[in-house]
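# Summary of the model geometry
Residues per chain, in single letters:
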Amino acid sequence: MLHKTDFADYLVSVRGYSHLTAKQYSQCLCKFDYWLQLSRNYETEQDVSSADVCEFIAWCRNSGLAPKTVNLHRSALASYYRYCVKFHAFSCNPVDRTEPMKEPRTLPLCVSMEDVEKLLSELPDNYSGVMMRALVLSMCHCG
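Treat the numbers as computed from the prediction; the structure is a model and nothing was measured.

## Observations concerning helix H3 (residues 50-62)
- A rise of 1.5 Å per residue sets the reference length of H3, with its 13 residues, at 18 Å; its end C-alpha atoms lie 18 Å apart and thus fit the reference within 8%.
- All buried positions along H3 are accounted for by Ser 50, Asp 52, Val 53, Phe 56, Ile 57 and Cys 60. Buried residues of H3 fall within an arc of 160 degrees about the axis and therefore sit on the same side.
- Phi for Gly 64, located one or two positions after H3, is positive at around 100 degrees.

## Some thoughts on the side chain of Asn 93
- As for its placement among the helices and strands, Asn 93 is situated in the loop between helix H4 (67-87) and helix H5 (113-121).
- Asn 93 gets classed as buried once you look at its relative accessible area, which sits at 6%.
- There is a polar contact of 3.2 Å between the side chain of Asn 93 and the backbone oxygen of Ala 78.
- The residues touching Asn 93, leaving out its near neighbours within four places in the chain, are Ala 78, Tyr 81, Arg 82 and Val 85.

## A word on helix H2 (residues 19-39)
- For H2, which comprises 21 residues, the first-to-last C-alpha distance of 30 Å matches the rise-based estimate of 30 Å (1.5 Å per residue) to within 8%.
- For H2, every residue scored as buried is listed here: Ala 22, Tyr 25, Ser 26, Cys 28, Leu 29, Phe 32, Asp 33, Trp 35 and Leu 36.
- Considering only its buried residues, H2 is in contact with helix H1 (4-13), H3 and H4.

## With respect to the pattern of salt bridges
- For the structure shown, the criterion picks out one salt bridge.
- Salt-bridge contacts for Asp 125 lead to Arg 133; the nearest nitrogen and oxygen are separated by 3.3 Å.
- Residue classification places Arg 133 among the partly exposed residues on the basis of a relative accessible area of 23%.

Cut-offs applied
Residues numbered from 1 in each chain as written. Predicted model: local features only at pLDDT ≥ 70, side-chain atom pairs only at ≥ 80, totals over all residues. Heavy atoms only, no water. Helix = DSSP H or I, 4+ residues; strand = E, 2+ residues; numbered from the N terminus. Expected span 1.5 Å × (residues − 1). Buried < 20%, exposed > 50% of the residue type's maximum accessible area, 1.4 Å probe, protein only. Arc of directions from axis to C-beta. Polar contact = N/O pair within 3.5 Å; in protein donor to acceptor, adjacent residues only side chain to side chain. Contact = heavy atoms within 4.5 Å. Salt bridge = Lys/Arg side-chain N within 4 Å of Asp/Glu carboxyl O.

Below, the structure is given as structure tokens:
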């Protein structure tokens, strides 16, 4: 990836991304570059096609990465190629024709009854404590 360092600086200074996000995106680009070197003989980054991106996404998924992590890799590639189209005269973004993976919905974690009882026992025995108990118990019984 020829413009990886410039891209990370662009994410932080222009787009306002955190340094951690820029670092994660850089790691994703390194993984994509590694995959390209293993599986493809390409001359430049502009030779990457949508089919290559789809195969990389499948390779990530088959490597055991979770759908959320695979979508992070896809997002990093999409941002990188969008940057290259805008500033380095790439003809197109090969990620535009790919779809993100569906991520399974997760249920929120429930508070255990032991934690509720501990909270209730620490409330004061005055009017505001009684009101807080009523509020906590209402929330627990409503889900």
